[in-house]
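Descriptive structure summary
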Amino acid sequence: MKAMIGFIIVVIFGILILFNLKLEFGGESGIAGEMYIEKGVSETGAVNLVSAILANYRAYDTLGETIIFFIAILGVFTVLKGDKK
Amino acid sequence: MSSRIVETATDIVTPFMILFGVYIIINGHLTPGGGFQGGVILGSCALLIYVVFGIKRHNKNLSIFENIGALIFLFIGVLGIFFGGFLFSNFITKGTPGNLLSGGTIPFINLAIGLKIGAGFAILFFIILQYIEKGD
């Protein structure tokens, strides 16, 4: 019964999202995106633009990701290895 | 749980998995991939070994590798302050784009992240599998 109610809710909201939010995929890339495409290879020297953004332009973001991963390990360690019987 | 067939197949497959993970990490600035992706492949290789051969194969010094990876990553970032002016600046010569030795600090950052994520996932799987074995 609960699964049925959940399914109905998902279908209703799916229809709402499909017909009301006209999502556009792609489009204009904006100032930052055009700058990455034009100057990315010459400024970083890396052919892979995604890697250039992740490890050079947005390395601070990658630092945050590694910290989040470290905190995830810490959480699992605390929850699963905390009680020694 | 593991039979002779599974153990033999794991012995054959594991070196290629490690090679593929290291390839993804080292070529992170040339082909799709990078530190995170290659590190996850290395971590799943550790998971395969744990499932087949048991968690006694776990190396307790693995957490040191995780710390070393994170420290190298931070060290490169702090070196960027002194040589380039801001955190994580690309201060080494860029080289010709397309070569293996190009991209300045990007390959080194990828190596550090790969070390950290691979060791981190191995530790994560080890803790969860240890908990599951203790629960039985």
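Residues numbered from 1 in each chain as written. Chains lettered and ligands numbered in written order. Predicted model: local features only at pLDDT ≥ 70, side-chain atom pairs only at ≥ 80, totals over all residues.

Along its length, chain A carries four helices and zero strands. Starting at the N terminus and walking to the C terminus, you meet the elements of chain A as α-α-α-α. Rg of the C-alpha trace for chain A: 22 Å, well past the compact-globule value of 12 Å for 85 residues, more than 25% over. Counting only C-alpha atoms and orienting by the principal axes, one finds that chain A spans roughly 60 × 55 × 15 Å. Counting all 85 residues of chain A, 16% fall into the buried class. (Helix = DSSP H or I, 4+ residues; strand = E, 2+ residues; numbered from the N terminus. Rg over C-alpha atoms; globule rule 2.2 N^0.38 Å. Buried ≥ 20, exposed ≤ 12 C-beta atoms within 10 Å, placed from the backbone.)

What follows deals with the nonpolar core. In summary, soluble globular proteins display a tendency toward joint burial of nonpolar side chains. Ala55 of chain A together with Ala46, Phe73, Ile109, Ala112, Ile113 and Ala122 of chain B are the most contacted members of the largest nonpolar core, which totals 29 residues. Looking at this core, the element that brings in the most residues is helix H4 (residues 106-135) of chain B, giving twelve residues. (Core = buried A, V, L, I, M, F, W, Y, C linked by C-beta atoms within 7 Å.)

Attention shifts here to helix H1 (residues 4-26) of chain B. Residue and element names in this part refer to chain B. Here H1 is 23 residues long and its end C-alpha atoms lie 34 Å apart, about the 33 Å a rise of 1.5 Å per residue gives. Along H1, the sharpest change in direction is near 30° and occurs at valine 13; proline proline 15 comes one to four residues later. For H1, the complete set of buried residues consists of Gly21, Ile24 and Ile25. Here the buried face of H1 lies against helix H2 (35-53) and H4. (Expected span 1.5 Å × (residues − 1). Bend = angle between axes of the 7 residues up to and from the residue. Contact = placed C-beta atoms within 7 Å.)

This brings us to the interface of chain B and chain A. Of the residues lining the interface, 31 residues belong to chain B; the matching set on chain A comes to 23 residues. Broken down by secondary-structure element, the contributors of at least two residues to the side of chain B that touches chain A are helix H3 (62-84) and H4 of chain B. Looking at which element gives the most residues to the side of chain B that touches chain A, the answer is H4 of chain B, with twelve residues. A per-class count over the side of chain B that touches chain A returns 16 nonpolar, 13 polar and two charged. (Nonpolar A, V, L, I, M, F, W, Y, C, P; charged D, E, K, R; others polar.)

Residue and element names in this part refer to chain B. Positive phi, normally seen in glycine, also occurs at phenylalanine 88, with a value near 60°. Structurally, the position occupied by phenylalanine 88 is in the loop between H3 and H4. For phenylalanine 88, a count of 25 C-beta atoms within 10 Å corresponds to the buried category.

Relative to the helices and strands, phenylalanine 121 of chain B is located in helix H4. Classification of phenylalanine 121 of chain B as buried rests on a count of 22 C-beta atoms within 10 Å.

Let's shift gears to helix H2 (residues 30-44) of chain A. In this model H2 of chain A runs 20 Å from its N-terminal to its C-terminal C-alpha over 15 residues, within 8% of the 21 Å that 1.5 Å per residue would give. One or two residues past the end of H2 of chain A sits glycine 45 of chain A, with phi positive at roughly 80°.

Moving on, we come to the packing of helix H4 (residues 59-81) of chain A against H4 of chain B. Close contact between H4 of chain A and H4 of chain B brings their axes to 10 Å; oriented N to C, the two are set at 15°. Here H4 of chain A lies roughly parallel to H4 of chain B, going by the angle between them. The crossing of H4 of chain A and H4 of chain B is left-handed. Here Ala59, Thr62, Thr66, Phe69, Ile73, Val76, Phe77, Leu80 and Lys81 of chain A of H4 of chain A come into contact with H4 of chain B, specifically with Ile109, Ile113, Lys116, Ile117, Gly120, Ile123, Leu124, Ile127, Ile128 and Tyr131 of chain B. Split into classes, the residues belonging to the contact of H4 of chain A with H4 of chain B amount to 14 nonpolar, three polar and two charged. (Axes fitted to C-alpha atoms, helices over the stretch in contact; angles between N-to-C directions. Parallel < 35°, antiparallel > 145°, perpendicular 65-115°, else oblique. Left-handed = near helix turned anticlockwise from the far one by under 90°.)

Before going further, it helps to examine the confidence of the model for chain B. Parts of the model with low pLDDT should not have their predicted coordinates read in detail. When pLDDT is averaged along chain B, the result is 89, and 99% of the positions lie at 70 or above. This prediction of the complex comes with two scores: 0.82 for pTM and 0.83 for ipTM. (pLDDT = per-residue confidence, 0-100.)

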